[in-house]
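Chain and residue survey
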Amino acid sequence: MSPVRVLVTGAAGQVGVDLVSTLRGEVPPGADPQWQPDGVKIVPDEFEVLGVARRDLDITDRDAVTRALALTKPDVVVNLAAYTAVDQAERDVEACYAVNADATGLLSQACATVGAHFVTVSTDYVFDGEKGSSYDEGDQPNPQSVYGASKWAGEQRCRDEDTIVRTSWVMGVRGASVVHVIADRARNGSNVRFVDDQTGTVTLAADLARALVTVVRERPGGVWHVANGGNATWFDVARFVGHELGRDDEFATPITTAALSPAPLARRPRRSDLNTAKWCSRWVAPPDWRDGVSRLLRDRVAS
Ligand SMILES: NC(=O)c1ccc[n+]([C@@H]2O[C@H](COP(=O)([O-])OP(=O)(O)OC[C@H]3O[C@@H](n4cnc5c(N)ncnc54)[C@H](OP(=O)(O)O)[C@@H]3O)[C@@H](O)[C@H]2O)c1
């Protein structure tokens, strides 16, 4: 059988790097090789992967997108290119919408033209956080920030047959992921303060990448929530990291969002944990977030 041709945009981002590696049959740092949501191991020649970073393909460039798809003739396009600076977006509305909304629609249309399946990744920030329990795929979005609104606009520009994977609180092994900032503080003996009034679902970039491979294989269409198991506040994450590194409860102090100084520009939902029951009824549930964070601490990659 000939390999499935997959074009990944935003391939230099934290999920992009892990997805390209996973599609190539590698086990990226931070991944759990035992978690095969569809029960099928990835073999090196199953996919022909073309990962494109912004310098290779700016997804807001209509002509470049049309040319790239005509040239590469992918079976599946996974869009991981996004404007992800949540606070900056409040002052950079046009640029944020150009990537997250307009370019997402452009990619969906371009996929329709070449007969490719389109997969794009969205966020829990499409919700207002006032439901009081976890959000499932049928809940009505009501974004509270420019970033959240731009991602919801992007979802609405997709076609019914596209697959939208909503995820949240993504953490990777590289760079300045919040887990590594906390870990550095824990190791150098200082303490941290984190908000205890924002609840969400932690998602490991490598676990999301493995879930996306299942989506690439099965092309389910529609909206799917994907996140690691269990919910947490940022304070819970900080306390867990401290404990993993031998610090006691004094290491992390809970604070309220209102106590943050300076106040963040963007409003974040109070409770936007994603309900993954739809995913779990079809495929194997993602590992618990604590297991994922332990892997991040173990496999950290120096940037
Ligand atoms: N990170 C989270 O906590 C989180 C939570 C929920 C959902 N998501 C979603 O998950 C997906 C992947 O996020 P991530 O964490 O991997 O984000 P990321 O690390 O910020 O990666 C996004 C990538 O998109 C690239 N990009 C930006 N504008 C572009 C353009 N016009 N054309 C082509 N590439 C462009 C960026 O390049 P530059 O670096 O050059 O700008 C970056 O490499 C995104 O859709 C994001 O909205 C993320």
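Everything numeric here is computed off the predicted structure, so don't read it as measured data.

Looking now at the overall build of the chain. Summing up its helical and strand segments, the chain has nine helices and twelve strands in all. Referenced to the eigenvectors of the C-alpha coordinate spread, the extents of the chain come out at roughly 55 × 40 × 35 Å. Looking at the chain as a whole, 54% of its 303 residues are labelled buried. In the structure as shown, the chain presents an accessible area of about 13,300 Å², 48% of it carried by carbon and sulfur atoms. Side-chain charges of the chain comprise 33 positive and 41 negative groups, with the mean position of each set lying 2 Å from the other.

In the predicted model, the chain carries a mean pLDDT of 97, and 100% of its residues have values of at least 70. The element-level mean pLDDT for the chain is lowest in helix α5 (residues 178-187), coming to 95, with strand β5 (residues 163-167) highest at 99.

The next point concerns the pattern of salt bridges. A complete count under the given rule lists 20 salt bridges for this structure. Between R174 and D18 there is a salt bridge whose closest N-O contact spans 3.3 Å. Of this pair, R174 sits in the loop between β6 (170-171) and α5 while D18 sits in helix α1 (residues 14-23), and the two are 156 residues apart along the sequence. Its relative accessible area of 1% is what places D18 among the buried residues. Connected through shared salt-bridge partners, D38, E46, R210 and R217 make up one network.

We now examine the site of the ligand. Contacts to the ligand come from 23 residues, most closely from R54, D58, T84, Y147 and K151. Within the side chain of D58, one N or O atom sits 2.9 Å away from a nitrogen atom of the ligand. At 2.7 Å, a side-chain N or O of T84 approaches an oxygen atom of the ligand. Contact with the protein chains removes 79% of the 890 Å² of surface that the ligand exposes when unbound. Looking at the shell around the ligand, the elements that each hand over two or more residues are α1, β4 (117-123) and α4 (146-156). With three residues, the single largest contributor to the shell around the ligand is β4.

Further remarks concern the state of the cysteines. Across all of its chains, the model carries zero disulfides by this definition. Distance from the sulfur of C96, which forms no disulfide, to the nearest cysteine sulfur (C158) is 15 Å. A residue is classified by how much of its surface remains accessible, and C96, at 0% relative accessible area, is buried. Of all cysteine sulfurs in the structure, the one in C158 sits closest to C111, which takes part in no disulfide; the separation is 9.4 Å. Under the relative-accessibility criterion, C111 is labelled buried at 0%.

Time to look at the packing of aromatic side chains. Per the stated rule, a full pass over the model turns up six aromatic pairs. For the ring pair W169 and W234, a centre distance of 3.9 Å and an interplane angle of 15 degrees mean the geometry is stacked. Pair noted here: W169 is in the loop between β5 and β6 and W234 is in helix α7 (residues 234-244), with a separation of 65 residues, a long-range link. The class for W234 is buried, based on a relative accessible area of 15%. Ring centres 4.4 Å apart and planes at 50 degrees place the aromatic pair W279 and W283 in the tilted group. Linked through ring pairs, W224, W279 and W283 together constitute an aromatic cluster. Geometry around W224 places K278 over its ring, the cationic atom sitting 4.2 Å from the centre.

Taken in spatial order, the six strands make up an open sheet running β2-β1-β3-β4-β5-β10, and their pairing is parallel. Both outer strands of the open sheet, β2 (47-52) and β10 (222-225), are each paired with one neighbouring strand and no more. On average, each strand axis in the sheet is inclined to that of its neighbour by 20 degrees, with strand direction left out of account. Both strand β1 (residues 4-9) and β2 contribute to a ladder of six bridges, which runs parallel. If you follow R5 over to β2, its bridge partner there is E48. In the packing of helix α6 (residues 205-218) onto the sheet, the strands contacted are β1, β2, β3 (76-79), β4 and β5, and the crossing angle to β5 comes to about 165 degrees.

This brings us to the packing of α5 against helix α9 (residues 289-299). Where α5 contacts α9, the axes come no closer than 11 Å and their chain directions differ by 65 degrees. The orientation of α5 with respect to α9, classified from their angle, is roughly perpendicular. Considering the relative orientation of α5 and α9, their crossing is right-handed. Packed against α5, whose contacting residues are V179, H180, A183 and R187, the element α9 presents V293, L296 and L297 at the interface. Residues of the contact of α5 with α9, tallied by class, amount to five nonpolar, one polar and one charged.

What follows covers unusual backbone geometry. In the segment running from S261 into P262, the intervening peptide bond is cis, with an omega of 0 degrees. You can see P262 is positioned in the loop between β12 (252-255) and α8 (277-282). Unusually for a residue other than glycine, K73 sits at a positive phi of about 45 degrees. Within the fold, K73 resides in the loop between α2 (62-72) and β3. Positioned with a positive phi, W169 is a non-glycine residue whose angle comes to about 45 degrees.

The rules we used
- Residues numbered from 1 in each chain as written.
- Predicted model: local features only at pLDDT ≥ 70, side-chain atom pairs only at ≥ 80, totals over all residues.
- Heavy atoms only, no water.
- Helix = DSSP H or I, 4+ residues; strand = E, 2+ residues; numbered from the N terminus.
- Buried < 20%, exposed > 50% of the residue type's maximum accessible area, 1.4 Å probe, protein only.
- Areas by Shrake-Rupley, 256 points an atom, 1.4 Å probe, with all protein chains shown as cover.
- Lys, Arg positive; Asp, Glu negative; His and termini not counted.
- Charge placed at Lys NZ, Arg CZ, Asp CG, Glu CD.
- pLDDT = per-residue confidence, 0-100.
- Salt bridge = Lys/Arg side-chain N within 4 Å of Asp/Glu carboxyl O.
- Near = heavy atom within 4 Å.
- Polar contact = N/O pair within 3.5 Å; in protein donor to acceptor, adjacent residues only side chain to side chain.
- Disulfide = S-S within 2.5 Å.
- Phe/Tyr/Trp six-rings, centres within 6.5 Å; stacked < 30°, edge-to-face > 60°.
- Lys NZ or Arg CZ within 6 Å of the ring centre and 35° of its normal.
- Pairing = 2+ DSSP bridges.
- Axes fitted to C-alpha atoms, helices over the stretch in contact; angles between N-to-C directions.
- Contact = heavy atoms within 4.5 Å.
- Parallel < 35°, antiparallel > 145°, perpendicular 65-115°, else oblique.
- Left-handed = near helix turned anticlockwise from the far one by under 90°.
- Nonpolar A, V, L, I, M, F, W, Y, C, P; charged D, E, K, R; others polar.

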